[in-house]
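Coordinate analysis (summary)
What follows is each chain in one-letter form.
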Amino acid sequence: MTARVGVVTFPGSLDDRDAVRAVRIAGAEPVPLWHADADLKGVDAVVLPGGFSYGDYLRCGAIARFAPVMGELVPAARSGALPVLGICNGFQVLCESHLLPGALTRNRSLHFINREQRLRVESAGTAWTGRYTAGEEITVVLKSGEGRYTADAATLDELERSGRVVVRYTGGAPNGSDRDIAGIANEHGNVVGLMPHPEHAVEALTGPSEDGLGFFTSVLAHLAGTVPAGADRSG
């Protein structure tokens, strides 16, 4: 049976169609989910895409966390049952929803960044990275104005200790993220948030590489039971 992966659209989402395309290329059935609809339609996993939900008029993701669709998503994700990937603005939504610790703040330069970005996969033990190898380097796209990940020292130490840093910027974080962190996971490994955009690197024609496709094929392998989340987060 083909896995069904929901892609949520909030007012201001920009990359929902790109996420839908990535899901389809990976071999799953993309299911559009509207922010005002509390029903997840029985999907097997969910992607929160990039963009500017609600115009980012408060804090990025701060309003989206209260959307009706999050009412079913949050408890299912927190339980470890529902794989959820938050990309860019989606990462911000996950932090604002307290599904992931820390916060995303203005880039250190105070300028919007749009560039190809090299990342190192630190953990292959999540629902979204099982098709990678810890230490593998990939090239995707980074485009954000508020992409600097930050957290208190105790939280950062715990993320490192428990292997929950999923991807890290190579050569230093261009946005000033603490410890060069580009993405993290929750304790179950089913929820992953990252600032760069893997959905923009799924085919050679439209991206800098096809390296981002592994995030989407990984969750399909996880759902099929071939790559269990949390199996190995060492990196």
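Quick notes on the rules
- The written sequence of each chain sets the order in which its residues are numbered from 1.
- Side-chain atom pairs in this predicted model are given and counted only at pLDDT of 80 or more, local residue features only at pLDDT of at least 70, and totals for whole chains, interfaces and linings cover all residues.
- Working from all heavy atoms in the structure, the side-chain values ignore hydrogens and water.
- Counting from the N terminus, the helices are DSSP H or I runs at least four residues long and the strands are E runs at least two residues long.
- In this description the radius of gyration comes from C-alpha coordinates, and the expected globular size is given by 2.2 Å times residues to the power 0.38.
- Using a 1.4 Å probe on the protein chains alone, a residue whose accessible area is under 20% of its type maximum counts as buried, one over 50% counts as exposed, and one in between counts as partly exposed.
- In this description, contact between two residues means that some pair of their heavy atoms is separated by no more than 4.5 Å.
- All accessible-area figures derive from a Shrake-Rupley calculation using a 1.4 Å probe, and residue coverage is judged against the displayed protein chains alone.
- Positive charges are assigned to Lys and Arg, negative charges to Asp and Glu, while His and the chain termini are left out of the count.
- By convention, the point assigned to a charge is CZ for Arg, NZ for Lys, CD for Glu and CG for Asp.
- Take a side-chain nitrogen of Lys or Arg and a carboxyl oxygen of Asp or Glu: if they are within 4 Å of each other, that pair is a salt bridge.
- When two rings of Phe, Tyr or Trp (its six-membered ring) have centres within 6.5 Å they constitute a pair, described as stacked for plane angles under 30 degrees, edge-to-face for angles over 60, and tilted for the intermediate range.
- Here, the term disulfide refers to a pair of cysteine sulfur atoms separated by no more than 2.5 Å.
- What makes two strands pair is DSSP finding at least two bridges between them.
- Any N or O atom pair separated by 3.5 Å or less is treated as a polar contact, with the protein-specific requirement of one donor-capable and one acceptor-capable atom, and with residues adjacent in sequence counted only for side-chain atom pairs.
- Computed over the protein atoms alone on a 1 Å grid, cavities are sets of points where a 1.4 Å probe fits but cannot get out and pockets are open sets with protein on both sides within 12 Å along at least five of seven lines; a residue lines them when it has an atom within 4 Å of a point.
- Grid points are joined across faces, edges and corners, and a volume is the space filled by probe spheres set on the points.
- Only Asp, Glu, Lys and Arg are considered charged in this grouping, and only Ala, Val, Leu, Ile, Met, Phe, Trp, Tyr, Cys and Pro are considered nonpolar; every other residue, Gly among them, is considered polar.

**Digging into the overall build of the protein**
Broken down by element type, the protein carries 5 helices and 11 strands. Here the C-alpha radius of gyration of the protein, 16 Å, is about what a compact globule of 235 residues would show, namely 18 Å. Viewed in the frame of its principal axes, the protein has a C-alpha envelope of about 40 × 40 × 40 Å. Taken over 235 residues, the protein has a buried fraction of 56%. Taking contacts inside the protein between residues at least 6 apart in sequence as the whole, the part at least 24 apart equals 73%. Carbon and sulfur atoms provide 51% of the accessible area of the protein, an area that totals close to 9300 Å². Charged side chains of the protein number 21 positive and 27 negative; the gap between the two group centres comes to 2 Å.

**Quick look at the pattern of salt bridges**
Within this structure, the stated rule accounts for 11 salt bridges. For Arg 21, the salt bridge identified is with Glu 203, shortest N-O distance 3.0 Å. With a gap of 182 residues between them, Arg 21 in helix α1 (residues 16–26) and Glu 203 in the loop between β11 (191–194) and α5 (213–223) connect regions that are remote in the sequence. Of the residues examined, Glu 203 reaches a relative accessible area of 24% and is grouped as partly exposed. Taken together, the salt bridges that share partners define one network made up of Arg 120, Glu 122, Glu 160 and Arg 168.

**Some words on the packing of aromatic side chains**
Taken as a whole and assessed by the stated rule, the structure comprises 2 aromatic pairs. Here Phe 91 and Tyr 149 contribute two aromatic rings whose centre-to-centre distance is 5.9 Å and whose plane-to-plane angle is 10°, an arrangement assigned as stacked. Linking Phe 91 in helix α3 (residues 89–96) with Tyr 149 in strand β8 (residues 148–150), this pair joins segments that are 58 residues apart in sequence. No difference in accessibility class separates Phe 91 from Tyr 149, as the two residues are buried.

**Thoughts on the state of the cysteines**
All chains considered together, the criterion is met by 0 disulfides. Its sulfur unpaired, Cys 88 is 8.2 Å from the next cysteine sulfur, which belongs to Cys 60. Accessibility expressed as a relative area gives 7% for Cys 88, which makes it buried. The thiol sulfur of Cys 95 is not disulfide-bonded, and the nearest other cysteine sulfur, from Cys 60, lies at 11 Å.

**Digging into α3**
Burial analysis of α3 places 8 of its 8 residues in the buried class, which makes it a mostly covered element. Three or more residues of α3 are buried, namely Asn 89, Gly 90, Phe 91, Gln 92, Val 93, Leu 94, Cys 95 and Glu 96. Where α3 terminates, the next one or two residues include His 98, which has phi positive at roughly 65°.

**A closer look at the pairing of strand β9 (residues 165–169)**
The buried count for β9 comes to 5 of 5 residues, which makes it a mostly enclosed element. Across 3 bridges, strand β6 (residues 113–121) lies against β9 in antiparallel orientation. Among the inter-strand pairings, Arg 120 is bridged to a residue of β9, identified as Arg 168. Relative to strand β10 (residues 181–185), β9 is paired through 3 bridges, and the arrangement is antiparallel. When the bridges of β10 are listed, Val 167 appears paired with Gly 183.

**Examining the environment of Thr 129**
Position of Thr 129 relative to the elements: it lies in the loop between β6 and β7 (137–144). For the pair Thr 129 and His 222, spaced 93 residues apart in sequence, the C-alpha to C-alpha distance is 9.3 Å. Sequence-distant contacts of Thr 129, that is, excluding residues within four places in its chain, are made with Ser 123, Ala 124, Val 166, Phe 215 and Ser 218. Polar contacts involving the side chain of Thr 129 include one to the side chain of Thr 126, which spans 2.7 Å.

**Things to note about the layout of surface pockets**
As a volume, the largest pocket reaches approximately 260 Å³. Contributing to the lining of the largest pocket are 15 residues, with Arg 59, Cys 60, Ala 62, Glu 96 and Leu 104 lying nearest its centre. Elements with a minimum of two residues in the lining of the largest pocket: α3 and β5 (103–105). In terms of residue class, the lining of the largest pocket is made up of 7 nonpolar, 3 polar and 5 charged. Put simply, the second largest pocket is a space of about 160 Å³.

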